[in-house]
Structures are given as C-alpha cells and as structure tokens.
Amino acid sequence: MEAMVKTKAEPNPLKEFVTKLNRKFKIFVVEDSDLYRELLKRFIQTIDRNFIFEENKNYSVSQFKTGEECIRNLHQNPDVVVLDYFLNGYNNDPNAMDGMETLRQIKHLSPKTHVIIITSQGNVSLASEFIKNGASDYISKEPGVREKLQHSVARLLSVITEDVSRIDDPA
C-alpha cells in the first residue's frame with residue numbers, strides 16, 4: 001500500500017485576507033436579457049469555488065434588469081457592478097437609462113464602486129469614453145468573455161482587499 005503524501009497548499013493571500021475581513025463582497029449584474037444576466041452571474045460564481053465564491057460564503061450577486069433598478073439599490077454598497085451598455089431591451093423604453101448614464105450615476109452616488117462595462121459594441125472610442133467616465137474595465141461580448149469577466153472581477157476584488165488592508169495597517 002502506497003503512503004499518502006500530504007502536500008502543503010500554497011498560501012493564498014487574497015483568501016487569507018478575505019477570511020480576515022469576515023465580510024461579503026457585493027456584486028451587481030445589470031443586464032436587460034434574462035438569459036445573459038443569469039449567464040453573467042454563473043460566470044462570476046465560478047471564478048474560484050475554493051475560496052471567495054463558495055455558495056453563500058463571501059459574496060452575494062444581485063441582478064437587475066435596468067439601470068434605474070441598479071441606482072435604486074446602490075444603498076446596498078456594491079463593490080463591483082457588471083453593467084451592460086444597452087439596457088432598453090427589457091421593456092423597449094426609449095427613455096431607459098443606458099449603460100453610460102447608469103455608469104455616470106453610479107460614479108456620482110458611489111464613487112468607490114468599481115464598474116465593469118460589458119457590451120456587444122467592440123468600439124474603441126466607446127471603450128475610451130467609458131473609461132473616462134470611471135469604468136474600471138470594458139469587455140466585449142465575444143468569445144472569451146467568461147475568462148475576461150472572471151479575471152476582471154478577481155482583479156478588482158484583489159484591489160479592494162489591498163485598499164482595505166492599507167486602512168487596517170497603514171505601515
């Protein structure tokens with residue numbers, strides 16, 4: 001019978017810090033398509049099931065169909081908002097807030113909230129405009145969107161934990 005060799009898991013500073021924080025990250029997904037909104041939520045939930053995104057452990061994902069719904073719920077203080085650019089598909093309202101207006105409102109009301117724009121528009125000047133208005137990232141809905149979104153959310157949560165760490169330990 002072969003002896004089982006236990007290997008020590010590599011330390012994960014983000015996992016350790018999240019555990020130390022003992023808080024839940026709040027992530028909003030704002031997308032007018034029911035199917036794509038659920039898909040984005042699942043992408044986020046499968047970033048790393050081993051620490052941050054275990055079911056009901058250190059995160060919550062809230063979903064909204066419109067920019068207006070998202071703005072009405074900013075009092076929940078989300079850490080990250082994944083925001084679609086075109087948001088009038090839910091009710092075909094030509095006066096509905098689009099992603100740019102929603103981004104501006106989020107940054108006005110909650111300047112520290114990170115916003116990831118996700119859109120079918122691969123336009124460089126549009127991406128530049130979103131970044132100028134405070135978006136943390138811009139992702140096109142194309143092949144590879146899952147990996148890009150997962151990387152972006154993980155990177156932003158890492159930035160958030162570093163910011164909190166500096167507050168807790170200013171040395």
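Visitor: Quick question: what am I supposed to make of the sheet that holds strand β5 (residues 137–140) here?
Guide: Hydrogen bonds along the backbone pair up the strands of a sheet, which may run parallel or antiparallel. Pairing is parallel across the open sheet formed by 5 strands, whose spatial order is β2-β1-β3-β4-β5. Edge strands, defined here as strands with exactly one partner in the open sheet, are β2 (59–64) and β5. Recorded for the sheet is a direction-independent mean angle of 20° between the axes of neighbouring strands. As paired elements, strand β3 (residues 80–84) and strand β4 (residues 114–119) share 5 bridges and run parallel to each other. Across the sheet, the residue bridging to Val82 is Ile116, located in β4. Lying over the sheet, helix α4 (residues 99–109) contacts β3 and β4, oriented at roughly 160° with respect to β3.

Visitor: What is the right way to read the packing of aromatic side chains from this model?
Guide: Think of a pair of aromatic rings as described by two things: how far the centres are apart, and how the planes are tilted against each other in angle. In the structure shown here, the tally under the stated rule is 4 aromatic pairs. Between Phe28 and Phe64, the ring centres sit 4.8 Å apart and the planes meet at 65°, which makes this aromatic pair edge-to-face. One end of the pair, Phe28, is in strand β1 (residues 25–30); the other, Phe64, is in strand β2, and 36 residues separate them in sequence. Residues Phe28 and Phe64 agree in their burial class; the two are buried. Directly above the aromatic system of Tyr36 lies the positively charged group of Lys141, at a separation of 4.5 Å from the ring centroid.

About the cut-offs
- Residues numbered from 1 in each chain as written.
- Predicted model: local features only at pLDDT ≥ 70, side-chain atom pairs only at ≥ 80, totals over all residues.
- Heavy atoms only, no water.
- Pairing = 2+ DSSP bridges.
- Helix = DSSP H or I, 4+ residues; strand = E, 2+ residues; numbered from the N terminus.
- Axes fitted to C-alpha atoms, helices over the stretch in contact; angles between N-to-C directions.
- Contact = heavy atoms within 4.5 Å.
- Phe/Tyr/Trp six-rings, centres within 6.5 Å; stacked < 30°, edge-to-face > 60°.
- Buried < 20%, exposed > 50% of the residue type's maximum accessible area, 1.4 Å probe, protein only.
- Lys NZ or Arg CZ within 6 Å of the ring centre and 35° of its normal.

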